[in-house]
Amino acid sequence: MEFSSKLLENAVNEIAMLPGIGKRTALRLVLHLLKQPSEQTLHLTEALLRMRNEIIYCKSCHNISDVEICEICNNETRDKRIICVVEDVRDVMAIENTNIFKGVYHVLGGKISPIDGIGPSQLNIASLIDKVKNELVDELIFALSSTMEGDTTNFYIYKQIKELNVKISTIARGISVGDELEYADEVTLGRSLMHRIPFESSIKSM
Ligand SMILES: [Zn+2]
């Protein structure tokens, strides 16, 4: 792609670094911004910068938050003894949309994936194990997507805590293998949570 302006080229290259956006789309977005009042670009860059610099992760569940302890963890009506283990903030949003779950979350920040060089130490797993050991926890619900990486991660955590006195369950597989949680519709996701099964019976059928 030949550009008539270095400034245009730089902007296109930066936007094209985002996943799913090729150079053509990036060029279209940049040209769109050029046609709009300059305040729009200012608001966009400000929103991105503030998001990047000011966002914090909840000290308890690692969910993205604006405060040290997120609204869910801070909510007195939520049952802290039931922890739903998810990959990232999108899963929290999807499960919250079902309006069924009244426990709290633990956001791992990814899944164990040796191919991508992601091991347990890069994820929020140690803090989860600590929580199960040191706080009053009745049940862990695994709600990772049923990919190989999701299963590996579930099993890794299961091995660390199976001797502890905590119930371990996994969401029922209304969600077919390989589907990401965030794409499941609310009714299906809500049902999979309600009809969760003991984790041990899920590994026997694997
Ligand atoms: Zn939290």
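These notes cover the structure that comes with them. Note that residues are indexed from 1 along each chain, following the sequence as it is written. Only residues with pLDDT of 70 or above have their local features reported here, since the model is predicted, and side-chain atom pairs are shown and tallied only from 80 upward, although totals for entire chains, interfaces and linings are computed over all residues.

## Concerning the pairing of strand E6 (residues 167–170)
Each regular strand carries side chains that alternate between the two faces of the sheet. For clarity, the threshold we go by: Any two strands between which DSSP finds at least two bridges are classified as paired. Segments assigned H or I by DSSP are reported as helices when at least four residues long, segments assigned E as strands when at least two residues long, and all are numbered from the N terminus. Seen with the strands pointing away from the viewer, any crossover whose path from the first strand over the helix to the second strand runs clockwise is right-handed.
Pairing geometry for strand E5 (residues 139–142) and E6, over four bridges, is parallel. Each residue of the ladder has a partner; that of Glu139, found in E6, is Lys167. Once the chain exits E5 it traverses helix H7 (residues 148–161) before rejoining the sheet at E6, and the crossover so formed is right-handed. Where E6 and strand E7 (residues 197–198) come together, two bridges link them in antiparallel fashion. If you follow Thr170 over to E7, its bridge partner there is Ile197.

## So, the nonpolar core
This is how the line gets drawn: What makes a nonpolar core is a set of buried Ala, Val, Leu, Ile, Met, Phe, Trp, Tyr and Cys residues, with links drawn between C-beta atoms within 7 Å. Three classes are used. A residue is buried when 20 or more other C-beta atoms lie within 10 Å of its own, exposed when 12 or fewer do, and partly exposed in between, with C-beta atoms placed from the backbone. Two residues qualify as being in contact provided that their C-beta atoms, derived from the backbone, are within 7 Å of each other.
Counting residues in hydrophobic clusters, the biggest one holds 30 residues, and the most contacted among them are Cys84, Val85, Val86, Tyr105 and Ala143. Put simply, the parts of the chain that give this core at least two residues each are strand E3 (79–86), helix H5 (89–98), strand E4 (103–107), E5 and helix H8 (186–194). The element contributing the most residues to this core is E3, with four residues. When neighbours within four sequence positions are excluded, Tyr105 is seen to be in contact with Cys61, Asn63, Ile72, Ile83, Cys84, Val86 and Val92.

## A short note on unusual backbone geometry
One non-glycine residue with positive phi stands out, namely His62, at about 70°. You can see His62 is positioned in the loop between strand E1 (56–57) and strand E2 (64–65). Take His62: there are 22 C-beta atoms within 10 Å of it, and that puts it in the buried class. Phi is positive for Asn99, which is not a glycine, with a value near 60°. Mapped onto the elements, Asn99 comes out in the loop between H5 and E4. Taking the number of C-beta atoms within 10 Å as the measure of exposure, Asn99 has 9 and is therefore exposed.

## Some points on the packing of H5 against H8
For clarity, the threshold we go by: For helices, the fitted axis covers only the stretch in contact; all axes are lines through C-alpha atoms, and the angles between them, taken along N-to-C directions, range from 0 to 180 degrees. Angle categories: roughly parallel below 35 degrees, roughly antiparallel above 145, roughly perpendicular from 65 to 115, and oblique for all the rest.
Close contact between H5 and H8 brings their axes to 8 Å; oriented N to C, the two are set at 90°. For the element pair H5 / H8, the angle class is roughly perpendicular. Contact residues: Ala94, Ile95, Asn97 and Thr98 in H5; Glu186, Leu189, Gly190 and Leu193 in H8.

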